[in-house]
Amino acid sequence: MIKVLFVCLGNICRSPMAEFILKDMINKRGESQNYDIQSRATSNYNEIEKEGIYGEAKQMLKKMNIPFTEHQSKQIRKEDYETYDYILAMEKRNVEDIKKIVGSDKEHKIYRLLDFTEQPGDIADPWYTGDFDTTYYDIVYGCEKFLESINR
Ligand code: 4NP
């Protein structure tokens, strides 16, 4: 079982999009039973509010025929570091915030998703940019390269 945790700031746009995009890729390969894929926030704001996936992020998933289920935003906890094999952040700030919560990355589990690609970098926050298309394609690119890298 490969355990993957996607992490962004609010857990209502990028990380749940990534969760359901990767689940769809894995499902299409017939390998769902081999993976546990979840998502979390670094901030506690949306933990208190218990938000679902943000409307425009949902619309994007619907447009691309990516199935998704009920979601409740949740903050990453220290013990998640032990549970998951890969903790995949959207941007540098997420990596820094994750380390503040879980401690140092002694088992080298924390990455930025796009660091698996030929164009390492941050995935912009569509909550601020309003550009859910770019976010979607960046996540797809990152997830494809992530799978290539771990299945090598
Ligand atoms: P996300 O986007 O990190 O991709 O889920 C955000 C969603 C909500 C907020 C910030 C970022 N917020 O401040 O509520």
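Now for a description of the structure that goes with this document. Model, not experiment: these values are computed from the prediction.

What counts and what doesn't
Residues numbered from 1 in each chain as written. Predicted model: local features only at pLDDT ≥ 70, side-chain atom pairs only at ≥ 80, totals over all residues. Heavy atoms only, no water. Buried < 20%, exposed > 50% of the residue type's maximum accessible area, 1.4 Å probe, protein only. Helix = DSSP H or I, 4+ residues; strand = E, 2+ residues; numbered from the N terminus. Pairing = 2+ DSSP bridges. Right-handed = clockwise from strand over helix to strand, strands pointing away. Arc of directions from axis to C-beta. Contact = heavy atoms within 4.5 Å. Salt bridge = Lys/Arg side-chain N within 4 Å of Asp/Glu carboxyl O. Axes fitted to C-alpha atoms, helices over the stretch in contact; angles between N-to-C directions. Near = heavy atom within 4 Å. Polar contact = N/O pair within 3.5 Å; in protein donor to acceptor, adjacent residues only side chain to side chain. Areas by Shrake-Rupley, 256 points an atom, 1.4 Å probe, with all protein chains shown as cover.

Description of the pairing of strand β2 (residues 35–41)
For β2, the tally of buried residues reaches five of seven residues, placing the bulk of the element in the interior. Where strand β1 (residues 2–8) lies against β2, seven bridges are found, and the strand directions are parallel. From the neighbouring strand, L5 faces β2, where its bridge partner is Q38. Crossover handedness for the path β1 to helix α1 (residues 14–28) to β2: right-handed.

Overview of helix α3 (residues 55–63)
Burial in α3 covers these residues: A57, M60 and L61. Within α3, the buried residues cover an arc of 95 degrees as seen down the axis, which keeps them to one side. On its buried face, α3 is in contact with α1 and α7 (132–150). With its phi angle positive at about 60 degrees, N65 sits one or two positions after the end of α3.

A look at the pattern of salt bridges
If the charged atoms of two oppositely charged side chains come close together, the side chains can form a pair. According to the stated counting rule, one finds 15 salt bridges in the structure shown. Between K106 and E82 there is a salt bridge, and its shortest N-O distance comes to 3.8 Å. Taken as a pair, K106 in the loop between α5 (92–102) and β4 (110–112) and E82 in helix α4 (residues 80–83) lie far apart in primary sequence, 24 residues in all. For the salt bridge of E96 with K92, the shortest nitrogen-to-oxygen distance reads 3.1 Å. Linking E96 with K92, this pair stays in helix α5, spanning four residues, or about one helical turn. A single network of salt bridges, built from pairs that share partners, joins R14, E91 and D125.

A few points about the sheet that holds β1
Reading across the sheet, the four strands line up as β2-β1-β3-β4 and stay open at both edges, with parallel pairing between neighbours. At either end of the open sheet lies a strand with only one pairing partner, and these are β2 and β4. Recorded for the sheet is a direction-independent mean angle of 25 degrees between the axes of neighbouring strands. Sheet strands touched by α1: β1 and β2. Its angle to β2, the strand with the most contacts, is close to 170 degrees.

Description of the site of the ligand
If you check the shell around the ligand, you find C8, L9, G10, N11, I12, C13, R14, Y45, N46, D125, W127 and Y128 and nothing else. A distance of 3.0 Å is found between an oxygen atom of the ligand and a backbone nitrogen or oxygen belonging to L9. Take D125: an N or O atom from its side chain is 2.9 Å from an oxygen atom of the ligand. Compared with its free state, where it exposes 350 Å², the ligand has 89% of that area covered by protein.

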